[in-house]
Amino acid sequence: DVKVTQSSRYLVKRTGEKVFLECVQDMDHENMFWYRQDPGLGLRLIYFSYDVKMKEKGDIPEGYSVSREKKERFSLILESASTNQTSMYLCASSLWSAGANVLTFGAGSRLTVL
Amino acid sequence: AQTVTQSQPEMSVQEAETVTLSCTYDTSENNYYLFWYKQPPSRQMILVIRQEAYKQQNATENRFSVNFQKAAKSFSLKISDSQLGDTAMYFCALNNNNDMRFGAGTRLTVKP
C-alpha cells in the first residue's frame, strides 16, 4: 500500500560527491515536495513542483537542485555534497482536498556526508 | 511570514491517560488550514487530523481531537486513552495555498 516511494532509506556519501535522491508517487498528484528534517528545526522546504518540468524554491534551496521530467517522479540533487547536508530528507506529494494541501509522505532518506 | 511554534520538545504519558500537545502559530491570512502529523519511529509521517480555520467546530478523529482557538492562534492536540502505538514525533503544520509551515515537533512517549 506504499504510495510515495523514496529509493534509498540510508545513504553514506563523501564530501564533494554528487547525490541523487529519487521519489516516486503512484497517486497521480500534481504537487511534489522535498523537505529536510533536522532535530529541533522541524521540516524545512527545499523545493516543490506543481507540474511536470515546473519547480519553485522553498526556504532552503541553496546547494540543491531538483528535476521533474515525469509527473510521478521528483528527484533531489546535491551537486557537491557537504557535511552540513547530513540530514533526513522527506519527499511528499499532495492532493488539494477541499482547498487544503494534504501531504502524503515517503519513508525518508537518511543521508550522511563524511 | 507564517510561523508555527511547538514549545514542548518532549512529553510522556501513561498508557490509557490523556495528553495534550501545544501548538501556536502566526499568520496574517484569514483562510488557512491546520494539521497534526504523526511520525512513528522509523516509519512514514501520516496525517492525524486537520482543521479548517473558517470552521468554529473543533475537529475530532476517534481518540484525537483539537482545541482550535483562532483569536489566540492556538491549535492543541488532545490524545485520549493513549496507546503504546501513539509513541511518535508529532508535528503541527499551517497551510495557506502552497505555503506549508511545520513546527519543530514534539516527541511523545507513551509508557506502559
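See the structure printed just above.
Residues numbered from 1 in each chain as written. Chains lettered and ligands numbered in written order. Predicted model: local features only at pLDDT ≥ 70, side-chain atom pairs only at ≥ 80, totals over all residues. Heavy atoms only, no water.

The next point concerns the pattern of salt bridges. Counting across every chain of the model gives twelve salt bridges over all chains. A salt bridge links D38(A) to R44(A), with the nearest nitrogen and oxygen atoms 2.8 Å apart. Measuring nitrogen to oxygen at the nearest pair gives 3.8 Å for the salt bridge that ties R50(B) to E52(B). On the basis of relative accessible area, R50(B) is assigned to the partly exposed category, the value being 22%. (Salt bridge = Lys/Arg side-chain N within 4 Å of Asp/Glu carboxyl O. Buried < 20%, exposed > 50% of the residue type's maximum accessible area, 1.4 Å probe, protein only.)

A separate point is the interface of chain A and chain B. With 23 residues of chain A at the contact, the number on the chain B side is 18 residues. Of the roughly 1,800 Å² buried between chain A and chain B on both sides combined, carbon and sulfur atoms contribute 51%. Applying the counting criterion to the chain A and chain B interface returns one salt bridge. The residue R101(B) makes a salt bridge to D59(A) at a minimum N-O spacing of 2.7 Å. One can count four residue pairs in polar contact (both at pLDDT 80 or more) joining chain A with chain B. Elements with a minimum of two residues in the side of chain A that touches chain B: β5 (31-38), β6 (42-49), β10 (87-97) and β11 (100-105) of chain A. No other element matches the five residues that β11(A) contributes to the side of chain A that touches chain B. The class makeup of the residues in the side of chain A that touches chain B is 13 nonpolar, eight polar and two charged. (Contact = heavy atoms within 4.5 Å. Buried area = accessible area lost by both parts, 1.4 Å probe. Polar contact = N/O pair within 3.5 Å; in protein donor to acceptor, adjacent residues only side chain to side chain. Helix = DSSP H or I, 4+ residues; strand = E, 2+ residues; numbered from the N terminus. Nonpolar A, V, L, I, M, F, W, Y, C, P; charged D, E, K, R; others polar.)

Time to look at the side chain of S93(A). All names here are of chain A. Counting through the fold element by element, S93 comes out in strand β10. Its relative accessible area of 0% is what places S93 among the buried residues. Polar side-chain contacts of S93 include one of 2.8 Å to the side chain of H29. What S93 contacts, discounting residues up to four positions off in sequence, is V4, Q25, M27, H29, N31, M32, F33, V102, L103 and T104.

Quick look at the state of the cysteines now. Residue and element names in this part refer to chain A. Summed over all chains, the structure comprises two disulfides over all chains. Between the sulfur of C23 and that of C91 lies a disulfide, 1.9 Å long from S to S. Handedness here is read from the sign of the S-S torsion; for C23 and C91, about -75°, the answer is left-handed. Pair noted here: C23 is in strand β4 (residues 23-25) and C91 is in strand β10, with a separation of 68 residues, a long-range link. (Disulfide = S-S within 2.5 Å.)

Another point: the environment of F74(A). Here F74(A) lies in strand β9 (residues 73-78). Every residue in contact with F74(A), bar those within four places of it in the chain, is listed here: L21(A), E22(A), C23(A), M32(A), F33(A), W34(A), Y47(A), F48(A), S49(A), V66(A), S67(A) and R68(A).

Mapped onto the secondary structure, T27(B) falls in the loop between β4 (24-26) and β5 (33-39). A polar side-chain atom of T27(B) sits 3.1 Å from the main-chain amide nitrogen of E29(B).

Take the nonpolar core next. Counting 25 residues, the largest nonpolar core has Y25(B), W36(B), F75(B), L77(B) and Y90(B) as the members making the most contacts within it. Put simply, the parts of the chain that give this core at least two residues each are β3 (19-21), β5, β6 (46-52), β8 (64-69), β9 (74-79), β10 (88-96) and β12 (106-111) of chain B. Looking at this core element by element, the count peaks at four residues for β10(B). The residues contacting F75(B), other than those within four sequence positions of it, are C23(B), Y25(B), L34(B), F35(B), W36(B), Q51(B), V66(B), N67(B), F68(B) and C92(B). Formed by 21 residues, the second largest nonpolar core is a distinct cluster that contains F33(A), Y33(B), F35(B) and Y37(B). (Core = buried A, V, L, I, M, F, W, Y, C linked by side-chain atoms within 4.5 Å.)

Turning to unusual backbone geometry, a few remarks are in order. Residues and elements named next belong to chain B. Phi at N62 is positive, roughly 55°, even though this residue is not glycine. As for its position among the elements, N62 is in the loop between β7 (60-61) and β8. Despite not being glycine, K73 shows a phi value in the positive range, around 55°. Within the fold, K73 resides in the loop between β8 and β9. For K73, a relative accessible area of 26% corresponds to the partly exposed category.

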